[in-house]
Amino acid sequence: MKPLRPYLLSITLVASIGLAACGGSDEADSTGDSVSATTAEATTTTVAAPTSEPPETSEPSTTVPSSPTTATPSPPTDAPAASELAGFEEYAVLQSTIGNLDSLTPEIETDNPNTRVILYADADGRKVYKSIYVKRNNRLKVIDLNGGGPPLYNDTI
């Protein structure tokens, strides 16, 4: 046990210096060694006492204002922009099948590892198209909700 004592003391010294350099408090040190207490005392004596004079203002202030800033609200996560749809595998087929895709507002109803269902609304908010994309077999179905006929597209992509 005696051969380990120098190593333990050096580890304690390094740890206490590291805590003092990083702003650790004296209360966090529970070793009680005189070496770490001496190090803590040395660091506290180097701290400058506050003065009653105001600090010079020649440098720009880097403080964060305490009042909250007004941020523009982000769009809901279930209503992506048409540009976000461009990253989807089915986008090219949707664009060729639905002629006015850019004028519609997409709303992702479901997007999980298996399927993605997107509803497309017109300017009045009425749902006019629905796309169902099955990811595991790349099958896309596009339905005209107001037409009532067969799907506009029902095939693999």
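Since we're looking at a predicted model, the values are computed, not measured. (Residues numbered from 1 in each chain as written. Predicted model: local features only at pLDDT ≥ 70, side-chain atom pairs only at ≥ 80, totals over all residues. Heavy atoms only, no water.)

1. Brief notes about the overall build of the chain
Point 1. Per the secondary structure count, the chain includes four helices and five strands.
Point 2. Reading the chain from its N terminus to its C terminus gives the helix and strand order α-α-α-α-β-β-β-β-β.
Point 3. For the chain, the proportion of its 157 residues judged to be buried stands at 20%.
Point 4. For the chain, long-range pairs separated by at least 24 residues make up 26% of all intrachain contacts whose partners lie at least 6 apart in sequence. (Helix = DSSP H or I, 4+ residues; strand = E, 2+ residues; numbered from the N terminus. Buried < 20%, exposed > 50% of the residue type's maximum accessible area, 1.4 Å probe, protein only. Contact = heavy atoms within 4.5 Å.)

2. Concerning the environment of I132
Point 1. Position of I132 among the secondary structure elements: in strand β3 (residues 127-134).
Point 2. In sequence terms I132 and I143 are 11 residues apart; their C-alpha atoms lie 8.4 Å from each other.
Point 3. Once you skip the residues sitting within four places of it in the chain, I132 turns out to touch R116, V117, R139, L140, K141 and I143.

3. Looking at the nonpolar core
Point 1. Counting 16 residues, the largest nonpolar core has L94, I98 and Y120 as the members making the most contacts within it.
Point 2. For this core, the secondary structure elements donating two or more residues are α4 (91-97), β2 (115-121), β3 and β4 (139-144).
Point 3. Non-local contacts of I98, meaning those with residues more than four positions away in its chain, are made with L104, Y120, Y129 and V142. (Core = buried A, V, L, I, M, F, W, Y, C linked by side-chain atoms within 4.5 Å.)

4. With respect to the side chain of R116
Point 1. By the secondary structure assignment, R116 is in strand β2.
Point 2. A polar atom in the side chain of R116 sits 2.9 Å from the side chain of E90.
Point 3. Dropping the residues within four chain positions of it, R116 is found in contact with F88, E89, E90, T110, D111, S131, I132, Y133 and K135. (Polar contact = N/O pair within 3.5 Å; in protein donor to acceptor, adjacent residues only side chain to side chain.)

5. Here we look at the sheet that holds β4
Point 1. The strand order across the open sheet built from five strands is β1-β2-β3-β4-β5, with neighbouring strands paired in antiparallel fashion. Of all the strands in the sheet, the pair left with one neighbour each is β1 (105-111) and β5 (153-156). Across the sheet, the mean angle from the axis of one strand to that of its neighbour is 15 degrees, orientation sign disregarded.
Point 2. Across four bridges, β4 lies against β5 in antiparallel orientation. By the bridge assignment, K141 is partnered in β5 with N154. (Pairing = 2+ DSSP bridges. Axes fitted to C-alpha atoms, helices over the stretch in contact; angles between N-to-C directions.)

6. Here's the deal with the confidence of the model for the chain
Point 1. When the pLDDT values of the chain are averaged, the result is 72; 48% of them are 70 or greater.
Point 2. Confidence drops under a pLDDT of 50 for residues 67-78, and excluding neighbours within four residues, the segment shows three contacts in the predicted structure. (pLDDT = per-residue confidence, 0-100.)

7. Concerning the environment of N138
Point 1. Within the element layout of this structure, N138 appears in the loop between β3 and β4.
Point 2. A polar contact is formed between the side chain of N138 and the side chain of Y133, at a distance of 2.6 Å.

8. Here we look at unusual backbone geometry
The phi torsion of most residues other than glycine is negative, and most of the peptide bonds are trans.
Point 1. Of note in this structure, N138 is not a glycine but carries a positive phi near 55 degrees.
Point 2. A relative accessible area of 32% means that N138 is categorised as partly exposed.

9. Things to note about the pattern of salt bridges
Point 1. Considering all chains together, one arrives at seven salt bridges under this definition.
Point 2. Of the charged contacts in the structure, one is a salt bridge between E89 and R116, with a shortest N-O distance of 2.8 Å. In this pair, E89 sits in the loop between α3 (82-85) and α4 while R116 sits in strand β2, placing the two residues 27 residues apart along the sequence.
Point 3. A salt bridge links R126 to D124; the shortest N-O distance between them is 3.2 Å. (Salt bridge = Lys/Arg side-chain N within 4 Å of Asp/Glu carboxyl O.)

10. Side note on the packing of aromatic side chains
How two aromatic rings sit relative to each other is given by the distance of their centres and the angle of their planes.
Point 1. As enumerated under the stated definition, the model contains zero aromatic pairs in all.
Point 2. Over the aromatic face of F88 sits the side chain of R116, whose NZ or CZ is 3.8 Å from the ring centroid. (Phe/Tyr/Trp six-rings, centres within 6.5 Å; stacked < 30°, edge-to-face > 60°. Lys NZ or Arg CZ within 6 Å of the ring centre and 35° of its normal.)

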